Amino acid sequence: MWEARFGISKCSAMEVKPRSALVRVTPSEPKGDGLVKEGDLVTLRARTPKMEKRSPLWSLARYHIGILNGDGKKEYVEYRKLYKDETPGVVDGIEQDMLKEIHGIPALLDAKAAGTKLNKGIFAGKTVGDALAGIQKSHLETFFGFLLNNRSYFAGHNYFLPRVFRAWVEADAPAE
């Protein structure tokens, strides 16, 4: 059993699984409505192999920002794989798979959605379909930065890449 004390509570990990853990949280002062509620996100820090520079995929995994393929059968951001095998080649392979799926999104859109003109952001003047078909690795990195800059919202959840990436593009592809 793993245990840690924080200012407002003590946390004990009772069971750890690949995508979840059963934890017991004991508030320091269990009075009033309390600061800890069922369903709160608990972050555990793990010792990891020392690497000079970790990828943005590792940062997403660290905050449990899961990115799945369109049918949910493949995890692009997988903590255990990145923990053991994170190399530039592995990361590039994952990113190439993501780009391939993103480039396929326009074929799934109806004509109206694909033809919607983007008025602001890095894709201003393009249609949604053209923007998605032309996504490059630099756009993917900006997207990762957006998720990480807003990790308090995205942490602890899984997202289907086609949905979340398209929504990001339609929201003018913000960096923050």
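That block above? That's the structure.
Residues numbered from 1 in each chain as written. Predicted model: local features only at pLDDT ≥ 70, side-chain atom pairs only at ≥ 80, totals over all residues. Heavy atoms only, no water.

Chemist: Which residues make up helix H3 (residues 88–103), and what values do they have?
Modeler: Helix length check: H3, at 16 residues, gives a terminal C-alpha distance of 22 Å against a target of 22 Å (1.5 Å per residue), a fit within 8%. Every buried residue belonging to H3 is among Val91, Ile94, Glu95, Met98, Leu99, Glu101 and Ile102, and all of these are buried. Angular distribution of buried residues about the axis of H3 spans 160 degrees; they occupy a single face of the element. When the buried face of H3 is taken as reference, the exposed residues oriented beyond 90 degrees from it are Gly89 and Lys100. (Helix = DSSP H or I, 4+ residues; strand = E, 2+ residues; numbered from the N terminus. Expected span 1.5 Å × (residues − 1). Buried < 20%, exposed > 50% of the residue type's maximum accessible area, 1.4 Å probe, protein only. Arc of directions from axis to C-beta.)

Chemist: A description of the pattern of salt bridges should follow, citing residues and the corresponding values.
Modeler: Two side chains with opposite charge may pair up if their charged atoms get near one another. Taken as a whole and judged by the stated rule, the model has seven salt bridges. For glutamate 86, the salt bridge identified is with arginine 54, shortest N-O distance 2.6 Å. Taken together, the residues glutamate 86 in the loop between helix H2 (79–85) and H3 and arginine 54 in the loop between strand E3 (21–27) and helix H1 (56–62) connect sequence positions 32 residues apart. A residue is classified by how much of its surface remains accessible, and glutamate 86, at 7% relative accessible area, is buried. Close ionic contact of lysine 81 with aspartate 85 constitutes a salt bridge, the shortest N to O distance being 4.0 Å. Pair noted here: lysine 81 and aspartate 85 are both in helix H2, with a separation of four residues, about one helical turn. (Salt bridge = Lys/Arg side-chain N within 4 Å of Asp/Glu carboxyl O.)

Chemist: Give a description of unusual backbone geometry that names residues and reports values.
Modeler: At histidine 64, a residue that is not glycine, the phi angle is positive and equals roughly 50 degrees. Within the secondary structure layout, histidine 64 lies in the loop between H1 and strand E4 (65–68). The backbone phi angle of aspartate 172 is positive, close to 75 degrees, even though this residue is not glycine. By secondary structure assignment, the location of aspartate 172 is in the segment after helix H9 (161–170). Using a relative accessible area of 24% as the deciding quantity, one classes aspartate 172 as partly exposed.

Chemist: Account for the packing of H3 against helix H7 (residues 137–149), with residues named and values stated.
Modeler: Two elements in contact, H3 and H7, have axes whose closest approach is 10 Å; the angle formed by their N-to-C orientations is 100 degrees. Judged by the inter-axis angle, H3 sits roughly perpendicular to H7. Contacts from Asp92, Glu95, Met98, Leu99 and Ile102 of H3 reach H7 at Lys137, Leu140 and Phe144. Classifying every residue of the contact of H3 with H7 by side-chain character gives five nonpolar, no polar and three charged. (Axes fitted to C-alpha atoms, helices over the stretch in contact; angles between N-to-C directions. Parallel < 35°, antiparallel > 145°, perpendicular 65-115°, else oblique. Contact = heavy atoms within 4.5 Å. Nonpolar A, V, L, I, M, F, W, Y, C, P; charged D, E, K, R; others polar.)

Chemist: Report on the side chain of serine 55, specifying residues and quantitative values.
Modeler: With respect to the secondary-structure elements, serine 55 resides in the loop between E3 and H1. Using a relative accessible area of 9% as the deciding quantity, one classes serine 55 as buried. A distance of 2.7 Å separates the side chain of serine 55 from the side chain of glutamate 86, its partner in a polar contact. For serine 55, the residues in contact, after removing those within four places along its chain, are Glu86 and Val91. (Polar contact = N/O pair within 3.5 Å; in protein donor to acceptor, adjacent residues only side chain to side chain.)

Chemist: Which residues make up the nonpolar core, and what values do they have?
Modeler: Counting 38 residues, the largest nonpolar core has Leu57, Leu60, Ile67, Met98, Phe143 and Phe165 as the members making the most contacts within it. For this core, the secondary structure elements donating two or more residues are H1, E4, H3, helix H5 (111–114), helix H6 (128–133), H7 and H9. It is H7 that provides the largest number of residues to this core, a total of six residues. (Core = buried A, V, L, I, M, F, W, Y, C linked by side-chain atoms within 4.5 Å.)

Chemist: Requested: an account of the packing of H3 against H9, with residues and values cited.
Modeler: Where H3 contacts H9, the axes come no closer than 10 Å and their chain directions differ by 70 degrees. Classed by the angle they form, the pair H3 and H9 counts as roughly perpendicular. Where H3 abuts H9, its residues Met98, Glu101 and Ile102 lie against Leu161, Pro162 and Phe165. Each residue belonging to the contact of H3 with H9 can be placed in one class, and the counts come to five nonpolar, no polar and one charged.

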